[in-house]
Amino acid sequence: MTFSATAALVCRRISILAKLADASVRATVLRSLKLPSRAFAIVVVVFMPQLHAAEQAILISDVTVIDGLGNPPEEHRYVLLRQGRITSVSDQLPQIEEGTTVVDGEGRFLLPGLWDLHAHTFADTTAMQSYLTAGVTGLRDMGCNVSCAQVLGRLRDDYIAGSGDFPRLVFAGPMLDGDSPYDDYPSHLQITLESLPAALAWLRELDVDLIKVRDFLSRDEFMALAGAGAALQLPVAGHVPTSIPVDDAVRAGLSTVEHEGSLFGGLLLACSKDEAQLRGEYLAMMREAASSGDEQKLYARSLDAKLLDRLVDSYDPAKADALVQAFVDSGAALVPTLIVQNPVLRAADPVFAGRRKIKDEEFRNAPATLLKRWRETATTEVLEQPFSDEDRAAMARHYETFVDLLGRMHHAGVPILAGTDAAFPDGTPWIWPGFSLHDELQLLVSVGLSPLEAIAGATGRATRQLGLEDVGVVAPGFRADLLLLSDNPLEDIHNTRAIEQVWVNGVPVDREALRDLVIRRAADHANYWQ
């Protein structure tokens, strides 16, 4: 199964927001780019009063520390926080000043705040608050329009200055693509070799943290982007363009591969003994869609049972091993976003990991109208269009083959990192920002990661892959973005949901207040983006 409706939803949602933009803001500033004027769409942001790094010291006493790097847990530790940083982690009670807040950690587990490495927030602060209620204190936003990127930049800088209002943000801004059917999508810049310098200059002006690439880039365009990213010290991440073999893309510098690589072939295409023939067919479909502008027909053809079955039936373990070696040699990581591909959730009342999803915390007070719509569409729609039972069965086979490849990659030492592709409030059925990251961790454990490895893939190993040096680890000098659990996640990864307290920059998160706010705003989901 391919990555969910989120890819289409990103484009649809920004187009809705774009209708609100003032005409004076929408002038096209880069004529060399194939760029819609709606790239400057207004982004609605609800700000709360800023909370800055706690001045009062906090001591978390006698707690078991899970450091985020995959090291064995350390019991009976005293973790001292000052000015938004971890100042000490010791097996001895440290000296503390008068007025220090002491949090009893006996029988509890302290780990870094979690990261979702594939989010689309649309700069919506309610969505970000949903992440905080779930203990997700870091987000890599993988693409949005210019106005959204400007807001994300301000929120990122506020966090760096010590704010505890929102998660730590790393963001891509507008995604770069080749000639595609997405002419009206303001989150995309369609580039050529000639327009690439202007596009890069624009991204630098937005002060993005990475370059997000998409499926329609030509080989020459991708290679030029990879070289430019290295020169600018900006990681290149995203989909693998169908024009280029996956092993070539990661060896050229693609730092993380998202989902299953691409909606149009991806990692399983690289493992096919019929790779050349199938690549030619995918590229022909994509050229036709770019010419006609009909992406819905392209989705239907790419998810057709016959084509997916050919990919699965031609899977070659020897080619899979060669692909895995390319990841190992290059240092590239995979962010598989299994939760949006999992066939189990394509149900009106799904049972996930032995429990009914409707009973999970995030859905107990979810709007009845939203749940009703999900029940009606979850069994029939993918990418917001209907598919047959035969097509969905082929998607399930595709998913299982991808999971097998994922196990091979993990066994070989390829970094497998946590991301969800979640959207709020009306995205993929049974996916909820923040909380679905816990489901992703369960899926990563189910494919072979230990709970300790899965947690590292959402904390310290994730932030190291991003090149961040002061978040994601429970150690002196790191920012106090922390998650306190009542139950042991190493015994059962589901226990990452047993949250007692969350801190961002040392500031306690009022989870109950934020949860109420999120539910109130989600209740008007039908008009949320109008």
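Above this note sits the structure.
In this text, all values refer to a predicted model and were calculated from it rather than measured experimentally.

Calculation criteria
- Residues numbered from 1 in each chain as written.
- Predicted model: local features only at pLDDT ≥ 70, side-chain atom pairs only at ≥ 80, totals over all residues.
- Heavy atoms only, no water.
- Phe/Tyr/Trp six-rings, centres within 6.5 Å; stacked < 30°, edge-to-face > 60°.
- Helix = DSSP H or I, 4+ residues; strand = E, 2+ residues; numbered from the N terminus.
- Buried < 20%, exposed > 50% of the residue type's maximum accessible area, 1.4 Å probe, protein only.
- Disulfide = S-S within 2.5 Å.
- Pairing = 2+ DSSP bridges.
- Axes fitted to C-alpha atoms, helices over the stretch in contact; angles between N-to-C directions.
- Contact = heavy atoms within 4.5 Å.

Chemist: Give a description of the packing of aromatic side chains that names residues and reports values.
Modeler: Summed over the entire model, instances satisfying the criterion amount to 7 aromatic pairs. On the numbers, 5.8 Å between centres and 70 degrees between planes, the contact of Phe 216 with Phe 264 is edge-to-face. One end of the pair, Phe 216, is in the loop between β11 (211–213) and α5 (219–232); the other, Phe 264, is in the loop between β13 (254–258) and α7 (266–270), and 48 residues separate them in sequence. Judged by its relative accessible area of 1%, Phe 264 is buried. With a centroid separation of 5.9 Å and an interplanar angle of 80 degrees, the aromatic rings of Phe 363 and Trp 432 are classed as edge-to-face. Residue Phe 363 is located in the loop between β16 (355–356) and α12 (368–377), and its partner Trp 432 is located in the loop between α13 (389–412) and α14 (435–446); the two are separated by 69 residues in the primary sequence. Three or more aromatic residues joined by ring pairs make a cluster, and in this case those are Phe 363, Trp 374, Trp 430 and Trp 432.

Chemist: Before we move on, can you summarise the state of the cysteines with the specific residues and values?
Modeler: A full pass over the atoms with the stated rule returns 1 disulfide. Shown here is the disulfide that connects Cys 144 with Cys 148, its sulfur atoms set 2.2 Å apart. Its torsion about the S-S bond being -90 degrees, the disulfide of Cys 144 and Cys 148 is classed as left-handed. The class of Cys 144 is buried, set by a relative accessible area of 0%. Judged by its relative accessible area of 1%, Cys 148 is buried.

Chemist: Which residues make up unusual backbone geometry, and what are the values?
Modeler: For Phe 122, which is not a glycine, the phi torsion comes out positive at approximately 55 degrees. Considering the arrangement of structural elements, one finds Phe 122 in the loop between β6 (114–119) and α2 (125–133). The class of Phe 122 is buried, set by a relative accessible area of 3%.

Chemist: How would you summarise the sheet that holds strand β7 (residues 136–141) if you had to cite specific residues and measurements?
Modeler: Read across the open sheet, the 3 strands follow the order β6-β7-β8; overall the sheet is parallel. Strands at the two margins of the open sheet, each flanked by one partner only, are β6 and β8 (168–171). The average undirected angle you get between the axes of adjacent strands in this sheet is 15 degrees. Relative to β8, β7 runs parallel, the two sharing 4 bridges. What sits directly across from Asp 141, in β8, is Phe 171. Here α14 sits on the sheet in contact with β6 and β7, set at roughly 95 degrees to β6.

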